[in-house]
Each structure stands twice: as structure tokens, then as C-alpha cells.
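Commentary on secondary and tertiary structure
This is what each chain is made of:
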Amino acid sequence: VFKDPAGAVETFHKLGVRFYATEGTATFLRANGMDAEVLHWPLDGRKPSATDAIRENRIDLVLNIPKDDTEDELTNDYIIRREAKLARERRWQQKS
């Protein structure tokens, strides 16, 4: 069990996991000595976006934790979770 998020993320980093993150999370990771490729929020309309990376199967695990309860935050988070679910379903269909 990890008592702080940085410790958990550092463990993944030591295992060689590549990180993709939105700007705020990427800043947190860099401040803790870990690099991340920055992905933009779906509603920003900028590339590369989190949903692009999910659709392209570049992401195997999505950790999606809202930082507040604003409409844009919750909508972006919903879009990312939904795209992750659809990507998982596509992968399962390809295996069948």
C-alpha cells in the first residue's frame, strides 16, 4: 500500500513505465524527477490529446482523478474514461 501518490508513481517509473499526462500532472511528475509526455484535455481541441493517445493504443492504464467539480473538469474526465472503456472493448473484440 502506498501512502503518497508520488511514491506509487515512482515505483512505476523505476519499473520503466512510460508516463503520459495532462499539463498539471506532468508538472507534478517532473517536480518529482519523472518525465511525462504531455497530452491535452479533450475539450481543448489541441493535439496530441489524451483521447488520441488512448485511441492509438499508446496507453494501457488510465488513472483519472478529478481535481475539482467544475463542468469542464468533469466533462474532460468523463470523455477520457469513456474513451478508455471503448478502447478496452475494441481490444477485447480484436482478441475474439
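Our structure's up above, just so we're on the same page.
Residues numbered from 1 in each chain as written. Predicted model: local features only at pLDDT ≥ 70, side-chain atom pairs only at ≥ 80, totals over all residues. Heavy atoms only, no water.

Brief notes about the overall build of the protein
A count of helices and strands for the protein gives 4 helices and 2 strands. Scanning the protein from its N terminus toward the C terminus, one meets helices and strands in the order α-β-α-β-α-α. C-alpha extents for the protein along the principal axes are approximately 35 × 35 × 25 Å. Put simply, the protein has 96 residues, and 30% of those count as buried. Long-range pairs, those at least 24 residues apart, make up 33% of the contacts in the protein with a sequence separation of at least 6. (Helix = DSSP H or I, 4+ residues; strand = E, 2+ residues; numbered from the N terminus. Buried < 20%, exposed > 50% of the residue type's maximum accessible area, 1.4 Å probe, protein only. Contact = heavy atoms within 4.5 Å.)

A few points about the packing of aromatic side chains
Across all of its chains, the model carries 0 aromatic pairs by this definition. Taking the ring centre of Trp92 as reference, the NZ or CZ of Lys95 above it sits at 5.2 Å. (Phe/Tyr/Trp six-rings, centres within 6.5 Å; stacked < 30°, edge-to-face > 60°. Lys NZ or Arg CZ within 6 Å of the ring centre and 35° of its normal.)

Focus on the pattern of salt bridges
Inspection of the entire model under this criterion finds 12 salt bridges. Arg55 is paired through a salt bridge with Glu83; the nearest N and O atoms lie 3.4 Å apart. Of this pair, Arg55 sits in helix 3 (residues 50-55) while Glu83 sits in helix 4 (residues 71-95), and the two are 28 residues apart along the sequence. Overall, the relative accessible area of 43% leaves Arg55 in the partly exposed class. Through salt bridges with shared partners, a single network forms among Lys47, Asp52, Arg55, Glu83 and Arg90. (Salt bridge = Lys/Arg side-chain N within 4 Å of Asp/Glu carboxyl O.)

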